[in-house]
Amino acid sequence: HVQLVESGGGLVQAGGSLRLSCVASGRTFSIQKMGWFRQALGKEREFVAAIRWGSGRTYYADSVKDRFTISRDNAKNTVDLQMNSLKAEDTAVYYCAGDPGIVLGRYDYWGQGTQVTVSS
């Protein structure tokens, strides 16, 4: 079993930066890919970024490409999301997720979420 815990959310001004962190515990060796998702009030949950645990290959949604950077520390079992040039539309609850590779594209492990609010 795997547990994921996010941290680092908060209130920031438009144009500012924020760094989110996710710590994985339990059977972390089973995870092939880690991802970040977000959900704004009244909206569907959407993909933000992902990273392959082994190779480090990254994937980004067009809405955050060139502004957000995902990274991982294999030894510490952590995944970070560096968010720069934040916009009001980035306001959402951000979730860390893990994909064990059982089903293509399915994330089986989820954190509790951390709130990010961008104001002007």
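(A) View of empty space enclosed by the protein. According to the stated counting rule, one finds 1 cavity of 30 Å³ or more in the structure shown. Considering the residues around the largest cavity, the lining is formed by A24, T28, I31, M34, W53 and N77. Within the lining of the largest cavity, the residues separate by chemical class into 4 nonpolar, 2 polar and no charged.

(B) A look at the state of the cysteines. Counting across every chain of the model gives 1 disulfide. Here C22 is linked by a disulfide to C96, with a sulfur-sulfur distance of 2.0 Å. Negative torsions about the S-S bond denote left-handed disulfides, and the value of about -80° found for C22 with C96 makes this one left-handed. One end of the pair, C22, is in strand β3 (residues 18-26); the other, C96, is in strand β9 (residues 92-99), with 74 residues separating them in the sequence.

(C) Structural detail: the pattern of salt bridges. Considering all chains together, one arrives at 7 salt bridges under this definition. A salt bridge links D80 to R19, with the nearest nitrogen and oxygen atoms 2.3 Å apart. Of this pair, D80 sits in strand β8 (residues 78-83) while R19 sits in strand β3; the two residues are 61 residues apart in sequence, bridging distant segments of the chain. With relative accessibility at 11%, the residue D80 sits in the buried group. D66 is paired through a salt bridge with K65; the nearest N and O atoms lie 3.8 Å apart. On the basis of relative accessible area, D66 is assigned to the exposed category, the value being 73%. Salt bridges sharing partners connect three or more residues here, namely R38, E46, R67 and D90.

(D) Structural detail: the nonpolar core. Counting 28 residues, the largest nonpolar core has M34, W36, L81, M83 and Y94 as the members making the most contacts within it. Going through the elements one at a time, β1 (2-7), β3, β4 (33-39), β5 (46-52), β7 (68-73), β8, β9 and β11 (114-119) are the ones with two or more residues in this core. Among the elements that line this core, the one with the most residues is β3, at 4 residues.

(E) Structural detail: the packing of aromatic side chains. For the structure shown, the criterion picks out 4 aromatic pairs. Each ring, one from F37 and one from W110, has its centre 5.0 Å from the other, and the planes form 55°; the classification is tilted. With F37 in strand β4 and W110 in strand β10 (residues 109-110), the pair connects residues that are 73 residues apart, well separated along the chain. For F37, a relative accessible area of 10% translates into the label buried. Put simply, the rings of F37, F47, Y107 and W110 pair up and form one aromatic cluster. The ring of Y59 has K33 sitting right over it, with the charged end atom 5.8 Å from the ring centre. The ring of W110 carries the charged tip of R45 above its face, separated from the ring centre by 4.0 Å.

Conventions used here
Residues numbered from 1 in each chain as written. Predicted model: local features only at pLDDT ≥ 70, side-chain atom pairs only at ≥ 80, totals over all residues. Heavy atoms only, no water. 1 Å grid on protein atoms, 1.4 Å probe; cavity = no way out; pocket = protein on both sides within 12 Å on 5 of 7 lines; lining within 4 Å. Points joined across faces, edges and corners; volume = space filled by probe spheres on them. Nonpolar A, V, L, I, M, F, W, Y, C, P; charged D, E, K, R; others polar. Disulfide = S-S within 2.5 Å. Helix = DSSP H or I, 4+ residues; strand = E, 2+ residues; numbered from the N terminus. Salt bridge = Lys/Arg side-chain N within 4 Å of Asp/Glu carboxyl O. Buried < 20%, exposed > 50% of the residue type's maximum accessible area, 1.4 Å probe, protein only. Core = buried A, V, L, I, M, F, W, Y, C linked by side-chain atoms within 4.5 Å. Phe/Tyr/Trp six-rings, centres within 6.5 Å; stacked < 30°, edge-to-face > 60°. Lys NZ or Arg CZ within 6 Å of the ring centre and 35° of its normal.

These values are about where atoms sit, not about what they do.
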